[in-house]
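Structural overview
The chain contents come next:
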Amino acid sequence: MFKRGQSAGKTFDEKLSNYLSGFTDGEGSFNISVINREKDYKHGWKISLCFNISQKDDTIPRLFKNFLGCGKIRYRKDGICYFDVRKTKDLTNIVVPFFKKFPVRSKKNEIFQIFCEALEIVKCKKHLTKSGMKKILDLRNKIVVGRKRKYTNSEILSTYNQKNPQRLYAKHQN
């Protein structure tokens, strides 16, 4: 049985693991977002990687949260419940190993592979350079979304400031 927060290299409940993978295949998302943070990030942009699922009922989102032992349950104003994982550590140590062991089987697997590439860049902090940001944007463009993106690659790169990618409010520790 999968233990709360346990890495995917250990024992799993096979049936439940396959169910969650299959559910993700139909209803889940692996997202790469770029958020304008010019007010508190010196380079002006934040990369946000997220795995999520949503449903009208909270049963399945809670099942994911309990099974994976990470992430958050949230409710939209329209009553939709969703589960998401955004922390790089949890994506790296729990979500990605789980989906490598129990892969999604549709075209979503291609999106998962792109997501993993972006996660590796973020994990190594290469996204804090202009060339790393460009690579993230190139990966993001490989994922087709059903709406127009808020910012184009050229808008992001033309305003990207490389002087110091640290958050303005971060304090140096001695």
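It should be noted that the structure appears before, not after, this text.
Our subject in this report is the structure included herewith. (Residues numbered from 1 in each chain as written. Predicted model: local features only at pLDDT ≥ 70, side-chain atom pairs only at ≥ 80, totals over all residues. Heavy atoms only, no water.)

Further remarks concern the packing of aromatic side chains. For the structure on display, the rule yields 14 aromatic pairs. Summarising the aromatic geometry, the rings of Phe64 and Phe83 are spaced 6.0 Å apart at their centres and angled 25° between planes, so their arrangement reads as stacked. Linking Phe64 in helix 2 (residues 59-68) with Phe83 in strand 4 (residues 81-85), this pair joins segments that are 19 residues apart in sequence. Each member of the pair, Phe64 as well as Phe83, is classed as buried. Ring centres of Phe67 and Phe98 lie 5.8 Å apart, and the angle between their planes is 75°; this geometry places the pair in the edge-to-face category. Here Phe98 lies in helix 3 (residues 88-101) and Phe67 lies in helix 2, a separation of 31 residues in the sequence. Residue Phe67 is classed as buried on the basis of its relative accessible area of 5%. (Phe/Tyr/Trp six-rings, centres within 6.5 Å; stacked < 30°, edge-to-face > 60°. Helix = DSSP H or I, 4+ residues; strand = E, 2+ residues; numbered from the N terminus. Buried < 20%, exposed > 50% of the residue type's maximum accessible area, 1.4 Å probe, protein only.)

Tracing the backbone shows Ala118 in helix 4 (residues 108-123). The class of Ala118 is buried, set by a relative accessible area of 0%. Those residues within four positions of Ala118 in sequence are excluded, and the remaining contacts are Ile32, Leu49, Ile136 and Leu139. (Contact = heavy atoms within 4.5 Å.)

Below, the discussion takes up the pairing of strand 2 (residues 45-55). For strand 2, the tally of buried residues reaches eight of 11 residues, placing the bulk of the element in the interior. Alignment of strand 1 (residues 28-36) against strand 2, held across nine bridges, turns out to be antiparallel. Note that in strand 2 the partner of Asn31 across the bridge is Cys50. Pairing of strand 2 with strand 4 involves five bridges; the strand directions are antiparallel. In the sheet register, Ile53 faces strand 4, and the bridge partner there is Phe83. (Pairing = 2+ DSSP bridges.)

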